[in-house]
Amino acid sequence: MKMSVLEEKLRQKNLKITPQRLEILRAVQRHQCDHPSAELIYQAVKKRYPAVSLATVYKTLETLVQIGEIRVAIVSGGKTRYDTRMEQHHHFLCSYCGGVQDIEMKMDCLETYCPESLAGKGTIHRGEVIFHGICHTCENKKNPPCPSICS
Ligand SMILES: [Zn+2]
Ligand SMILES: [Zn+2]
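Here the structure is a predicted model, which is why all the values come from computation and not from measurement.

Chemist: Mind showing me how you'd approach the overall build of the protein chain here?
Modeler: Scanning the protein chain from terminus to terminus reveals seven helices and five strands. The burial tally for the protein chain puts 19% of its 151 residues in the buried class. Contacts in the protein chain between residues at least 24 apart in sequence constitute 54% of all its contacts with a sequence separation of at least 6.

Chemist: I keep staring at the pairing of strand E4 (residues 100-103) and nothing clicks. Help me out?
Modeler: Look at any regular strand and the pattern is simple: side chains alternate between the two faces of the sheet. Of the strand pairs in this sheet, strand E3 (residues 90-94) and E4 are connected by four bridges, and their pairing is antiparallel. What sits directly across from His 90, in E4, is Ile 103. Here E3 hands over to E4 after five residues, with Gly 98 in that stretch at a positive phi of 80°.

Chemist: I tried to follow the sheet that holds E3 on my own but got confused; where do I start?
Modeler: One key point about sheets: their strands pair by backbone hydrogen bonds, in either a parallel or an antiparallel sense. Taken in spatial order, the three strands make up an open sheet running E4-E3-E5, and their pairing is mixed. The open sheet has two edge strands, E4 and strand E5 (130-133), and neither has a second partner. Ignoring strand direction, the axes of neighbouring strands in this sheet form an average angle of 25°.

Chemist: Could you clarify how one ought to interpret helix H3 (residues 38-46) in this entry?
Modeler: Side chains of residues three or four places apart in an α-helix project in the same direction, reflecting 3.6 residues per turn. When H3 is considered as a whole, its buried residues turn out to be Ala 38, Ile 41, Tyr 42 and Val 45. Buried residues along H3 cover an arc of 105° about the axis, so they all sit on one side.

Chemist: Looking at this model, I keep getting lost on unusual backbone geometry. Mind explaining?
Modeler: Trans is the common state for peptide bonds, and a negative phi is the common state for residues other than glycine. At His 35, a residue that is not glycine, the phi angle is positive and equals roughly 50°. For His 35, the location among the structural elements is in the loop between helix H2 (19-30) and H3.

Chemist: Would you take a moment to explain the nonpolar core for this structure?
Modeler: Here is a general trend for soluble globular proteins: nonpolar side chains tend to be buried in one another's company. In this structure, Ile 24, Val 28, Ile 41, Val 45, Val 57 and Leu 61 are the most contacted members of the largest nonpolar core, which totals 18 residues. Only H2, H3, helix H4 (54-66) and E3 provide two or more residues apiece to this core. When residues of this core are sorted by domain, at least three fall in each of domain 1 (3-83) and domain 2 (90-150). Not counting the four nearest positions on each side in its chain, Ile 24 is found in contact with Ile 41, Val 45, Val 57, Thr 60 and Leu 61.

Chemist: Is there a simple way to explain the packing of H2 against H3 in this structure?
Modeler: Packed helices, taken two at a time, are described by the angle between their axes plus the distance between the axes. It is at 9 Å that the axes of H2 and H3 come closest, and there the two elements cross at 120°. Here H2 lies oblique to H3, going by the angle between them. Handedness of the H2/H3 crossing: right-handed. In this structure, H2 uses Glu 23, Ile 24, Ala 27 and Val 28 to contact H3, whose residues at the interface are Ile 41, Ala 44 and Val 45.

Chemist: Can you help me understand the packing of H2 against H4 in this one?
Modeler: Packing of H2 against H4 brings their axes to within 10 Å, and their N-to-C directions diverge by 70°. When the axes of H2 and H4 are compared, the pair comes out roughly perpendicular. For the element pair H2 and H4, the recorded crossing hand is right-handed. Between H2, through Gln 20, Arg 21, Ile 24 and Leu 25, and H4, the contact on the second element is made entirely by Thr 56, Val 57, Thr 60, Leu 61 and Leu 64. Its residues assigned to classes, the contact of H2 with H4 shows five nonpolar, three polar and one charged.

Basis of the calculations
Residues numbered from 1 in each chain as written. Chains lettered and ligands numbered in written order. Predicted model: local features only at pLDDT ≥ 70, side-chain atom pairs only at ≥ 80, totals over all residues. Helix = DSSP H or I, 4+ residues; strand = E, 2+ residues; numbered from the N terminus. Buried ≥ 20, exposed ≤ 12 C-beta atoms within 10 Å, placed from the backbone. Contact = placed C-beta atoms within 7 Å. Pairing = 2+ DSSP bridges. Axes fitted to C-alpha atoms, helices over the stretch in contact; angles between N-to-C directions. Arc of directions from axis to C-beta. Core = buried A, V, L, I, M, F, W, Y, C linked by C-beta atoms within 7 Å. Domains from an automatic or database assignment. Parallel < 35°, antiparallel > 145°, perpendicular 65-115°, else oblique. Left-handed = near helix turned anticlockwise from the far one by under 90°. Nonpolar A, V, L, I, M, F, W, Y, C, P; charged D, E, K, R; others polar.

Here you go:
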C-alpha cells in the first residue's frame, strides 16, 4: 500500500503515521510467515524503539485491523495472531509449537463439503477453516514439548 493511502486511512481514524506505528506494521509484514502475536511484534519493535509499550502495540494492531491493513488469522490460547494476507486462505495450527501455516483451498472445495445445516443459517459469503494438528518439525522431534495450549 502507498504511504499516502495508509496515511489517509489512519487520518480518518484520527491517527497520525508515527515512526513507531510504521515499525509495528513493518514488523507484522516481516513476520508474515509466523502469523505473529502482539507479544512477538512488541519484542521486534522494542529493538528499534525501546520506549514502545505493549499497549501501543495492541492499539495499533487493532487500528490496522479496523482499516483493513491486516487481519486476525486465528485466536489460539488466548493470543490473537495477525496476518497481512487479506485474500481468503486457511490455516494449519500446530498445537505443540503454536506455528501457524497458510493452507490454500479452493472455495468450491468448501462448498462441496458445506453442511446443509449451514445453508439454513443464511447466505454464506466465505468460509475459513482452521486445521489443528502437529507440524512435521514437531513430529520429527523425539520428545515434542508439552502442547503450548496447556502451558
Ligand atoms: Zn509444531
Ligand atoms: Zn495466513
